[in-house]
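Spelled out, the chains give:
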Amino acid sequence: MTDTFAMLQELLAQDQFELLFSEEEKPENLRLVYLMNDAVESFLVFQKVRTTGSYRKDYEGELDATLSRSGEEYVLSVWQGDSVFTIFFEELALEVHCYDYGETGHFWVKGWEYLRRLEYLIAIVRDKCDYLGEPYCSGEEQKLAALADFPPLNYCSYPAVPERYLVRREEAEGASPEALEVMTELAEGAGDATLLRALWLYRKRPHSVLIRKWIAGMLRKWAHAGVVDTICVRLKEESRRYPRRSFGPQEDARLAGLLKMSEQQKAALEKEKITAEVVREERFAAAEDGIENRVYLMVYGKKTRGNRICNVKEIQ
């Protein structure tokens, strides 16, 4: 059984308190963001609520909170600086919406975009597994999420976001046995003997920066593209079990048109024996997050000193 109150305490301990709140609507239920990324939008839902005080939507800083019970109601008081907001509620439920993330692509950092995109996909799946667990994360997703602890592929080598937005995890900066096991299986499946040798050495020295940089460089090469592509394909296949986000008839139709154009351009490139991949950048379904829905083509160029070069083209 999900312990929603433990999840609430977890958020408050991290100074996280983001409500989807409207002063005008005065809803019976009130949603608190739990985990929102491209793979999942989840909320703790205060049910049968009434509120007092002022909620500061743009507040950033430390929180102080108390939770108590009064008769049939729970009482949560949250101090945002010198402002207090109190929620009286009867039940606390969990609401989860999993989405298809297999074609997700954000391009906040230039260079080796396909590796940064893969790092991002692994990271969001890892967060989904860590925060929500088995009911919302398949066995295959849990397995591939272990690669978040493989430094030649994670933010240590190919961060998907600028430095100021990185959330570092101490365990992610040394190769974990689970991550090495998954990568070894992938390299064996691809028949990549050179990578297998490198992984054997890395297993002996999992905190070696030199070996990490060596393997990170190998993953740029066409010679090792089979391993990288296999991870992408397996994540894409798993994500298909979830629906795509919907943004209303008008925006859904606009996106469908862009996707159709991208597939036509991809087909034209493939006739010229050029590999391309369609990716999408989407905003959240439940709330505005400042991201505009976009569609891109990742176009793989010819070999340059053995490196796998990728150009990103936005579909207009």
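Below, the structure is looked at part by part.

Things to note about the overall build of the protein
For step 1, the next point in the chain: Looking only at helices and strands, the protein has eight helices and eleven strands in total.
For step 2, the next point in the chain: Buried positions account for 49% of the 316 residues belonging to the protein.
For step 3, the next point in the chain: Across the protein, contacts joining residues at least 24 apart in sequence account for 62% of those joining residues at least 6 apart.
For step 4, the next point in the chain: Carbon and sulfur atoms make up 48% of the accessible area of the protein, which amounts to about 16,500 Å² in all.
For step 5, the next point in the chain: Of the side chains in the protein, 43 bear a positive and 54 a negative charge, and the two mean positions are spaced by 10 Å.

Quick word on the side chain of Asp38
For step 1, the next point in the chain: Here Asp38 is to be found in the loop between β2 (30-36) and β3 (40-47).
For step 2, the next point in the chain: Here Asp38 occupies a buried position and makes no salt bridge, while the nearest side chain of opposite charge, Arg245, is found at 4.6 Å.
For step 3, the next point in the chain: Here His106 takes part through its side chain, which lies 2.9 Å from a polar atom of the side chain of Asp38.
For step 4, the next point in the chain: The residues contacting Asp38, other than those within four sequence positions of it, are Tyr99, Tyr101, Thr104, His106, Tyr120, Ile124, Arg245, Glu282 and Phe284.

Some remarks on the side chain of Ser138
For step 1, the next point in the chain: Among the secondary structure elements, Ser138 is positioned in the loop between α2 (113-132) and α3 (139-145).
For step 2, the next point in the chain: A distance of 2.6 Å separates polar atoms of two side chains, one belonging to Ser138 and the other to Glu238.
For step 3, the next point in the chain: Setting aside residues up to four positions removed in sequence, Ser138 forms contacts with Glu238, Arg241 and Tyr242.

Re the packing of α2 against helix α7 (residues 225-239)
For any two helices packed against each other, the geometry is given by the interaxial angle and the distance between the axes.
For step 1, the next point in the chain: The interhelical angle for the contact between α2 and α7, taken along N-to-C directions, is 40°, at an axis separation of 11 Å. In terms of their interaxial angle, α2 and α7 are classed as oblique. Here the hand of the crossing between α2 and α7 comes out left-handed. Here Tyr114, Leu115, Arg117, Leu118, Leu121, Ile122 and Val125 of α2 lie close against α7, whose contacting residues are Val228, Ile231, Cys232 and Leu235.
For step 2, the next point in the chain: When its residues are assigned to classes, the contact of α2 with α7 shows ten nonpolar, no polar and one charged.

Topic: helix α6 (residues 209-218)
For step 1, the next point in the chain: Among all positions of α6, only Ile211, Arg212, Ile215, Ala216, Gly217 and Met218 are buried.
For step 2, the next point in the chain: Buried residues along α6 sit against α5 (193-204).

With respect to the sheet that holds strand β6 (residues 73-80)
For step 1, the next point in the chain: Judged by pairing direction, the sheet is antiparallel, and its four strands sit side by side in the order β4-β7-β6-β5 without closing on themselves. Only two strands of the sheet have a single partner each, and these edge strands are β4 (50-53) and β5 (63-70). Pairwise comparison of adjacent strand axes, ignoring direction, gives a mean angle of 15° for this sheet.
For step 2, the next point in the chain: Relative to β6, β5 is paired through eight bridges, and the arrangement is antiparallel. By the bridge assignment for β6, Ser70 is matched with Glu73.
For step 3, the next point in the chain: Contacts from helix α1 (residues 4-13) reach β5, β6 and β7 (83-89) within the one sheet, and its direction differs from that of β5 by about 155°.

Rules used in this analysis
- Residues numbered from 1 in each chain as written.
- Predicted model: local features only at pLDDT ≥ 70, side-chain atom pairs only at ≥ 80, totals over all residues.
- Heavy atoms only, no water.
- Helix = DSSP H or I, 4+ residues; strand = E, 2+ residues; numbered from the N terminus.
- Buried < 20%, exposed > 50% of the residue type's maximum accessible area, 1.4 Å probe, protein only.
- Contact = heavy atoms within 4.5 Å.
- Areas by Shrake-Rupley, 256 points an atom, 1.4 Å probe, with all protein chains shown as cover.
- Lys, Arg positive; Asp, Glu negative; His and termini not counted.
- Charge placed at Lys NZ, Arg CZ, Asp CG, Glu CD.
- Salt bridge = Lys/Arg side-chain N within 4 Å of Asp/Glu carboxyl O.
- Polar contact = N/O pair within 3.5 Å; in protein donor to acceptor, adjacent residues only side chain to side chain.
- Axes fitted to C-alpha atoms, helices over the stretch in contact; angles between N-to-C directions.
- Parallel < 35°, antiparallel > 145°, perpendicular 65-115°, else oblique.
- Left-handed = near helix turned anticlockwise from the far one by under 90°.
- Nonpolar A, V, L, I, M, F, W, Y, C, P; charged D, E, K, R; others polar.
- Pairing = 2+ DSSP bridges.

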